[in-house]
Every structure is written in C-alpha cells, then in structure tokens.
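In case you want the letters, here they are:
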Amino acid sequence: MKNLPLLFLSMFCLIACNNNTKVSPETNTTKELTTSDANTAMDKNMSKTINPANWPSTSGGIAIDKNIETRIDELMAKLSLKDKVGQIVQADMGSITVEEVREYRLGSVLAGGNSAPNGKPYANVSDWIASSDAYWDALMDKRDDGSVNIPPLLGIDAVHGHNNVIGGTIFPHNIALGAMNDPELIKRVAEVTAKELVVTGHDWTFAPTLAVARDDRWGRTYESYSEGPEIVASYAPQVVLGLQGSAAENNLFGDGKVISTAKHYIGDGGTEKGKDQGNNIDSEADLRDIHGAGYPPAVEAGVQSIMASFSSWQGVKLHAHKELMQDVLKDRMQFNGFIVGDWNAHGAIPDCSNTDCPTSLLSGLDMYMAPDSWKGLYHSLVKQVEDGTIPQARLDDAVRRILRVKIRSGLMDKPKPSERKFGGDSSVLGMPEHKEVAREAVRKSLVLLKNDGALPLNPKANILVAGSGADSIAQASGGWSLTWQGVDVKNSEYPNAQSIYSGIKATVDAAGGTSTLNTEGEYTTKPDAAIIVFGEKPYAEFMGDVDNVAYDVSGKKELQLLKKLQADNIPVVSLFLSGRPLWVNRELNASNAFVAAWLPGTEAGAIADVIFSKPDGTVAYDFTGKLSFSWPKTAAQTPLNVGDKNYDPLFPYGYGLTYQEKAKNVNLSEDTGLDNDTVFDPSLFFTNGKPQSPLKLFTVSGNTENWRDVGQKVRITDGALNLDRMDYKAQEDAWKITWFGSDLGQVLIANQETDLDYSRETTGALELAFEVQMIEQSDKPIY
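Report on the accompanying structure. Each residue is numbered by its place in its chain's sequence as written, counting from 1. Local features in this predicted model are restricted to residues of pLDDT 70 or higher, and side-chain atom pairs are both shown and tallied only at a pLDDT of 80 or more, whereas totals for entire chains, interfaces and linings draw on every residue. Each side-chain value is worked out from all heavy atoms of the structure, with water and hydrogens disregarded.

Quick notes on the pairing of strand β25 (residues 734-739)
Thinking step 1. Along β25, 5 of the 6 residues are buried, which leaves the element largely enclosed by surrounding structure.
Thinking step 2. For strand β24 (residues 721-726) and β25, the ladder comprises 6 bridges, and the chain directions are antiparallel. Bridge assignment links Asp724 to a residue of β25, and that residue is Lys736. Here's how the labels work: a residue is buried when its accessible area is under 20% of the maximum for its type, exposed when over 50%, partly exposed in between, all with a 1.4 Å probe on protein chains only. Helix and strand assignments come from DSSP, with helices taken as H or I runs of at least 4 residues and strands as E runs of at least 2, each series counted from the N terminus. A pair of strands counts as paired when DSSP detects no fewer than two bridges linking them.

Below is the structure:
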C-alpha cells in the first residue's frame, strides 16, 4: 500500500470572509409555539429587576398627529394579514430579489455590511440609485388585486458618513468625534451624511451608535463617542437633528434628510470582557445612567427608530426584553417610532431560530432584521398570527408604528428615489463644503499625547514619511468603509479622498520643502524629521474583539523602525491610527511626538494642517482634541474608566496637549503587565506549528477513544500514522503527516476542557481556512 504524506502548514483558522455578504446559517430547528408556550418562554427569559418608574420620562419627541393617525387607520383597514406581516420583515438586498420584494410586499430592505447592487460590497451612484428605484417600483406598481401601495424603507449602515458609495465623504469614526467634544460640529457631520444618503436613494441610516464603551477590548469601541455618558448624551440629539431635521428649523424630513436610528438599545458597550454580542451584568442604575444616557435625549429630538441590541443584560437577550423595550422605552419614555432588530439577533434567543421567533414581537420588537432568513420568518409569523400565538393587536401596533414613520418622514408621498432632490446627483458626494466639514472634524479630533518640541514641523524641511498607514486611505478609515471590515480597498476606490501622505506632500510642496514616502522608513539623504503612520488594521464588530489592549506585544512591528530613526538622531513624529486606546509605552518612548489620530477617514490629509506650522513658523491649527477614553498604563488594564476605584491611567480622560505644553511621559515602563505575552486569538487555531492554548494537537488511531496529546514532541508514531515536525516558512512551523492506510488515522486540533463558543461568528460570513500540500497521492480517502 502506498504511503500518503500530507504537509500540514502553519495556519489553520476561523475567519469572517471580507469579500462576501454577511450570512447567518440557520442552525436552529424551527419550533411551533402556542400562545402559552410563547408566554412561558418570555417569563423564563425575562429579568424582573427593571422598575420603569426609575427611568427618565420624555415627551416622546415628535407629537402624535391626529391626521396621520386617521390616515394610518385607513391604510390598516385595507391591509391583509400578509400585507401586515410584510411590513414588519426586513430583508437584506443580498438575499432577496426585486420580484420577491414585489411578491411578499416587504416593508423594508437593508444594505448590510458588504451588500450592494450587483452582488458587490459597495457601488457607485448610478448602480445604487437604479437599485433603489427598482425596489420602489416593485411596491408602487398598480396591481390587479387592489393591494395598497406602500413604499419600502431602504436602510443602510452610514455610520461615519455615507461609507458604502464610491466618492462619499467618510468622516472620522465616533471615537475621534468624541475627542472633539463639539456638539455643533457633530450636527453638521450628520447633515452632510444625510444629504449624501439621499443621492443613492436611501431613506434611513442605522446611526447614531449611542453605546458607552466601557471595555476597550470590544471590537466596536471606535463606534462609541466616549466612555463618559455625558458626551454621548450631548451628541445624541444633535446627530438625530442633523439627519432628520427639526420642526423648529422648518426642515423636518425636508430635502436631504433621512430617518435616524439610535442603537444598540441597550448596554452593548458594557458586556463582560468587551465581548461583542455578549452579556452586560451592570446594575439597573448603571444600565440607565451610563449605557442609557443617550436614549432620552435622542427620543426628545424625535428619533424615529431604535435598534435593539444583539447583546444581553443580566443574561436576557435584549431582543426578548419586554420590560426594556415596551415598559421603559415605549411606555415610560413614550417613544412612538418603531424598534428594529439587529442582524438575525432574534434567532439567538432561547427557543427561537432565525426563521421562527414570536418572542421578539411579543416583547416589543416592531421590525425584524431578517437579512437572509426573511422568507422562513415571514411564513412563521403569518401562521403564528393565524393560530393566536401572536395577538392581532400586537401585530397591528407594530405595523402602525412603521406606517407612522413612513408617513411622518414623507416617504408615502415622495416620488421614486431618482426623482427626489439630490437623487442620483453624484456631484453632491464629496463636494467642497462636505470635505471641509470632514477636515475640521479631523483637525479637532487629533489628541497630542507627547511632544518634546518636535511639533509643529517646518513645512520647508526634508520630511521622511513611513509606515503602513501613511498612504492607505483604507487603514485611515477603518471598518465600515466601503467594505464591512474596511479591507481590500485601494486608494483609487476613494476618488474624492486624501491620504495622510497626500496631505503632507501638498503642505510641504506648497512651502518649498521636500517629502519622501518610503513605507519601510529607508532613506539615502538623512531627513530633518520622520513621520511614521502606523496602528491597527481595519476591522468591524466581533472581528475586532481582543484579549488585551496591547498594540504590539512582540515589539516586532514599527518599534524597531522608531528606534533606528531615533538612534540616527532623526526627530520622530508618530501618528497612531486606532479604534481604541492601546498600550504603546515602548512606541511612546521611541517617539519625540506622538499623536492619537484615531481613524480619520477620507480627509485624513487634514492632519498635516495641524502637525505643520505655517511657512513663517507660526501655528496654523493648534491641537484641541481631548481623550474621551482613558489611555491604559499597561496592556492588562481593562476595563479602565474615569471614576473607577483606584483609577490610574497613563493618560486620564480629558487629557490632550496643546503646543504650549510639553509631555511629561519620559522613560515609561515597558512591562506589558500581562501574565504572559502570548495573546490568544480566538479566530486562529494553529500557527507556527503549534495549536493555540487552550487547543491541543492530538492523534487517534483506529476507532478508539485513545487521544494522544502530541505536546512538545518532534515525532510521534501512532499505529496508523506518523507525525514529523518540519520546516515550511520557519523552523519546525509545520507538520508532515504520513498515513499508512492500514487503519483509520486522525489528526485533531481540539480542546477537551473548555467550551469555545463560535455561535457569534455565524452572524458573519464564516470560513474555516487552512493550508495543506499533498506530497503523494493514494487510493485511500482523505477527509
């Protein structure tokens, strides 16, 4: 029998695929629930600690209009049961055809992460507006059956500008905008976003995020304005007013305005260990005063939709939390818009699946976000109303709320998207006044952490620019920038943008200086100063979750370059791109000036406005940004929030130097503070020839339960197979596996002690990726 060697290479991992639409496998079985079953399930899952009387009350925002309510009554009388169910189901455009929208009369279509026309992750204006028109036409055509024509709500995640269209203005992410602490400017940012959304025919954005991030290990920290509820509370109404307009300004849902969504209700910024979609165990008081701070002002400002969180509070999924959705939000705060779900989040509720979940509707949810599960869910809901599992009154209330928003926003009376003002007008995207708002936001968001006199730089000097982020608009923009994860996007796909280096070059050229871009920091003529642009690579949602807040535990990234330049007596200015504060003590020590530049977006070139002086040496723009998140002293210092007992950050909340101040952080400790410097990456199972702890490598011969732990061995023989360490890209970073064909032989990467839960990862596009090389074929099967 021929031997069959396999070369097991050095990477075996679970990844979210960045070039496909997010999908959620429907792994749960469908279960029919009776009314009593649904109530029992809700009682079992519900916390009984909420006291709505302790929560803020509001006016409800936009007042109920009797004329609108009469119009809703007239519409409701004409809607069939299936028409009503269609209104409360939202599908993703990547998982539904225009014909299906027409057939099922759905109330909404969203463009989720990586969903755009023609199966692409992003698109140009003409493709977007054609797609928007097609959905509108599908629901507004005259039908022989006398169906009521109700246009769809077209929603999209425009979370830092219109970030899904080529040429759109992408603003700094929320963490940077929080460092501005400028509510007036945040309103102007929202106004620009709304106007550019109308160009592509979108009626509705899933923004603002009102999470108060309390653990910076969370992969969505950059979507939070601050760890301090006061900044979030001050921004919430301004973003809503900027997006929707207001009656006081006589522009409520006027031209260039869209529907706003406050998200994710409630507590998503406070999950244990910063785990995305995790569990918040804070007290009711902290849930209300910290995590809920932005919602009352958003409701007062008239926000028309609120998105329920994927996460849990004290073990109860928010999509099943009747006390928080119905009793607090709708009854106590008098919110009269509608509550929309998150991406198949209803399917994570116990006793629910993606296609079968009356619990959410019974708990107060009004519109299910069922991106790829919409059809099965639709049929389940129809049946559950027919059999009494879902009371007709609860369905009618949800539909009424959705219709109220459609009428209030003017959607019911508008022409098709391309015929509205600004519809299809690509000249609106990135127009000069929009770019200037973005540049102002970049300038005001920069936080100067250290300066020994290296800044401001002289624009007449010879400047070396290095680092992976120097000329990468994608890295400067972060996640939710054209693609869901913000990766695999070239500068050419940002036609109206300016990279950090482009801004530096323009400033230096205008003053008669010299700038040289070399990513590796190499030079032939010694520069007068060096600017190194580095930091986190783009990520979004749970793909950004980390175990600790170290930027570079190994010290193998930019640190060696910083030290080399410093040793050459070249002043080093570090521009750090990140979606959260990270432990960078070694990089701070190796820099003469250090700027937290966050994720500045498509006008990242405006950084040059601040770090360079005018040609005459006077300051052009001073640093005004202040930390809206505390900066850690060690990589293990999480969570870290102002007001904590024994609060001891490296840089406190509100810190930020100006040109009149010099840093005091000399010779910072370079001890990471971690018990060991091996970081567990939950997406990476096997690397450099070793499984990541707590995973182990095992062999099994025959149909036995005898698992042999390979451990530190360099060779193992186990009856049906041999394992030998071998070199691939580095010494002993791979295994050669030889099967003899005489019996079943297995090689396993597994964990026998601790459960590893990857159910969250199924809410994104999921791949199990590994590398193998077949050295010799055999007639025996390999699985």
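Here the narrative resumes.
Some words on the nonpolar core
Thinking step 1. Of all hydrophobic cores here, the largest spans 120 residues; its most connected members are Ile88, Ile306 and Leu324.
Thinking step 2. Ranked by residue count, the leading element in this core is helix α7 (residues 183-199), at 9 residues.
Thinking step 3. Contacts are residue-level and defined by heavy atoms, with any inter-residue pair within 4.5 Å sufficient. Beyond its immediate sequence surroundings of up to four residues, Ile306 is in contact with Thr261, Ala262, Tyr265, Tyr295, Val299, Leu329, Phe335, Phe338, Ile339 and Val340.
Thinking step 4. Note on terminology: a nonpolar core comprises buried Ala, Val, Leu, Ile, Met, Phe, Trp, Tyr and Cys residues joined through side-chain atoms within 4.5 Å. Ranked by size, the runner-up nonpolar core spans 78 residues in total, among them Ala213, Ile463, Ala590 and Tyr659.

Digging into the state of the cysteines
Thinking step 1. Any two cysteine sulfur atoms within 2.5 Å of one another count as a disulfide. For the coordinates displayed, the defined rule picks out 1 disulfide.
Thinking step 2. Each sulfur in the disulfide pair Cys352 and Cys357 lies 2.2 Å from the other. Its torsion about the S-S bond being 65 degrees, the disulfide of Cys352 and Cys357 is classed as right-handed.
Thinking step 3. Accessibility expressed as a relative area gives 6% for Cys352, which makes it buried.

So, a nonpolar patch on the surface
Thinking step 1. For patches, a residue must show more than 30% relative accessible area and have no salt bridge; joins then use 9 Å for like charges and 5 Å for nonpolar side chains, namely Val, Leu, Ile, Met, Phe, Trp and Tyr. Accessibility throughout is a Shrake-Rupley quantity obtained with a 1.4 Å probe, and a residue counts as covered only by protein chains that appear here. The working definition used for a salt bridge is a side-chain nitrogen of Lys or Arg within 4 Å of a carboxyl oxygen of Asp or Glu. Residues Leu768, Phe770 and Val772 make up a contiguous nonpolar surface patch of about 290 Å² in total accessible area.
Thinking step 2. As for its placement among the helices and strands, Leu768 is situated in strand β27 (residues 766-774).

Here's the deal with the environment of Ile290
Thinking step 1. Inspection of the secondary structure assignment puts Ile290 in helix α9 (residues 284-291).
Thinking step 2. Given the relative accessible area of 15%, Ile290 is considered buried.
Thinking step 3. Along the primary structure Ile290 and His162 are separated by 128 residues, whereas in three dimensions their C-alpha atoms are 28 Å apart.
Thinking step 4. For Ile290, the contacting residues outside a window of four places in its chain are Val212, Arg214, Pro229 and Ala285.

Section: the pattern of salt bridges
Thinking step 1. This model, assessed by the stated rule, comprises 36 salt bridges.
Thinking step 2. The partner of Glu69 in a salt bridge is Arg404, and the shortest N-O contact between them spans 2.9 Å. With Glu69 in helix α2 (residues 66-78) and Arg404 in helix α14 (residues 392-408), this residue pair connects regions lying 335 residues apart in the sequence. With respect to burial, Glu69 and Arg404 carry one shared label: buried.
Thinking step 3. Across the pair Glu184 and Arg188 runs a salt bridge whose closest N-O atoms are separated by 2.8 Å. Here Glu184 and its partner Arg188 are both found in helix α7, 4 residues apart, which amounts to about one turn of the helix.

Overview of the pairing of strand β13 (residues 447-451)
Regular strands show a simple pattern: their side chains alternate between the two faces of the sheet.
Thinking step 1. Counting buried positions along β13 yields 5 of 5 residues, so the element is predominantly enclosed.
Thinking step 2. The pairing of β13 with strand β18 (residues 593-596) spans 4 bridges and is classified as antiparallel. Residue pairing for β18: Leu448 is matched across the bridge by Val595.

Thoughts on the sheet that holds strand β17 (residues 572-577)
Thinking step 1. Strand order in the open sheet made by the 6 strands is β13-β18-β17-β16-β14-β15, with mixed pairing throughout. Each edge of the open sheet is held by one strand with a lone partner, namely β13 and β15 (514-517). Within the sheet, the average angular offset between the axes of one strand and its neighbour, ignoring direction, is 15 degrees.
Thinking step 2. The sheet contact formed by β17 and β18 spans 4 bridges and is parallel. The residue bridging Ser574 from the neighbouring strand is Phe594, located in β18. Here the axes come from fitting lines to C-alpha atoms, over the contacting stretch only for helices, and the angles between their N-to-C directions go from 0 to 180 degrees.

Observations regarding the sheet that holds strand β2 (residues 89-92)
Thinking step 1. Spatial strand order, β5-β4-β3-β2-β12: 5 strands in an open sheet with parallel pairing. In the strand order of this sheet, the two ends are held by β5 (204-205) and β12 (368-369), each with one partner.
Thinking step 2. One ladder, built from 4 bridges, connects strand β3 (residues 108-111) with strand β4 (residues 153-156); its direction is parallel. Following the sheet pairing, Ala111 is matched in β4 by Ile156.
Thinking step 3. Sitting on the sheet, helix α13 (residues 374-386) is in contact with β2 and β12, with an inclination near 165 degrees to β2.

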